[in-house]
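So the chains spell out like this:
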Amino acid sequence: MTAYGVSSMFLHEYTSEEIFSFVASAGLDGIEYWLETPHFWLRDLPADEVIACRRAHPEVATLTVHTPVLDLNPCSINPDVAEISVAYAVRSLAIAQALGASVLTVHPGRRTAKRPPGDADRARFDHYIAALREAALKDTVTVAIENMEPSVNSLLYTPERMQAVLDAEPWLKFTFDTSHALAASEETAMQYIDLCADRLANVHISRTGNGRLHLPLDRSPVIARILGALRDHHYRGGLMLEIDDLNFGKPLSAEEKCAILAKDNAFMRECMEPD
């Protein structure tokens, strides 16, 4: 059954308990819990608190986890940065298991310089994937790699490249970020679904507009078509709203954030569960 959720980072200024409460009040039943959520990240990763939140909010039944990425890059030219980034990704898998998460989303990394990736960058990517593979084969959490927005130094931003990576790694799944795909085109977003739907484990859903990523859905016809394509491909995993609150130009109250989530939740359900 499809789970309708949101990234915890949309509610980054709140405690874990408040985040779960707000998600439930918006009628959502899932959370993509970023390990860099400040209340968690800055307090030594208290997994027991998140587990307690899950018990207190059984209506939020689906939990996925996002590995740390903000200061990290597993393909960094700096060997210390690359090493700790890979280690955090592997550690994230163990944390996701402890939290009872179904999916761990990882980023592919990028070339440090804003130049096209070369052989050395691809070798670092291969090392990263090998470390994840070794950890994943010992665990029950699904690891899913995310497509990035078009960028000269990105290692994974086309449907064809994603398909090639997935074909080479049968254990690995796909987290589809609609906003990253739409930064190229709607056609690109549809190609991801056509080529990789059979490996799809998670969806980060948001809109693009005027050069900005991760906007609310706002009953977008483009998003409606993407959701229709996912439905037609019988996708039944998580739909996790990934909204950047910096796009609003002013701080939003909890009530305003919950209203945005409730509106997008209703729209997703209409698209995925038509009468």
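Look up a bit, the structure's there.
Residues numbered from 1 in each chain as written. Predicted model: local features only at pLDDT ≥ 70, side-chain atom pairs only at ≥ 80, totals over all residues. Heavy atoms only, no water.

Attention shifts here to the overall build of the protein. Scanning the protein from terminus to terminus reveals ten helices and ten strands. Taking 275 residues into account, the globule formula puts the C-alpha radius of gyration at 19 Å, and the protein, at 18 Å, falls close to it. Summarising its shape, the C-alpha atoms of the protein cover approximately 50 × 40 × 35 Å along the three principal directions. In the protein, which comprises 275 residues, the proportion classed as buried is 53%. Within the protein, residue pairs in contact and separated by at least 24 positions form 79% of the contacts whose partners lie at least 6 positions apart. Accessible surface computed for the protein: about 12000 Å², of which carbon and sulfur atoms make up 53%. Of the side chains in the protein, 25 bear a positive and 39 a negative charge, and the two mean positions are spaced by 3 Å. (Helix = DSSP H or I, 4+ residues; strand = E, 2+ residues; numbered from the N terminus. Rg over C-alpha atoms; globule rule 2.2 N^0.38 Å. Buried < 20%, exposed > 50% of the residue type's maximum accessible area, 1.4 Å probe, protein only. Contact = heavy atoms within 4.5 Å. Areas by Shrake-Rupley, 256 points an atom, 1.4 Å probe, with all protein chains shown as cover. Lys, Arg positive; Asp, Glu negative; His and termini not counted. Charge placed at Lys NZ, Arg CZ, Asp CG, Glu CD.)

So, on to the packing of helix H4 (residues 79–99) against helix H5 (residues 119–136). Running from N to C, H4 and H5 cross one another at 20 degrees; their axes reach a closest spacing of 10 Å. By the criterion of interaxial angle, the relationship of H4 to H5 is roughly parallel. For the pair H4 and H5, the sense of crossing is right-handed. Here Val86, Ala89, Val90 and Leu93 of H4 come into contact with H5, specifically with His127, Tyr128, Ala131, Leu132, Ala135 and Ala136. Here the contact of H4 with H5 is composed, by residue class, of nine nonpolar, one polar and no charged. (Axes fitted to C-alpha atoms, helices over the stretch in contact; angles between N-to-C directions. Parallel < 35°, antiparallel > 145°, perpendicular 65-115°, else oblique. Left-handed = near helix turned anticlockwise from the far one by under 90°. Nonpolar A, V, L, I, M, F, W, Y, C, P; charged D, E, K, R; others polar.)

Listed in full, the buried residues belonging to helix H1 (residues 16–25) are Ser16, Ile19, Phe20, Phe22 and Val23. Angular distribution of buried residues about the axis of H1 spans 165 degrees; they occupy a single face of the element. Directly after H1, the chain includes Gly27, whose backbone phi takes a positive value near 85 degrees. (Arc of directions from axis to C-beta.)

Computed from the structure, the largest pocket encloses a volume of approximately 880 Å³. As for the largest pocket, its lining consists of 33 residues, and the residues nearest its centre are Trp34, Val69, Leu70, His107 and His214. For the lining of the largest pocket, the secondary-structure elements that each account for two or more residues are H4 and strand E9 (212–215). Residue composition of the lining of the largest pocket, by class: 14 nonpolar, 13 polar and six charged. (1 Å grid on protein atoms, 1.4 Å probe; cavity = no way out; pocket = protein on both sides within 12 Å on 5 of 7 lines; lining within 4 Å. Points joined across faces, edges and corners; volume = space filled by probe spheres on them.)

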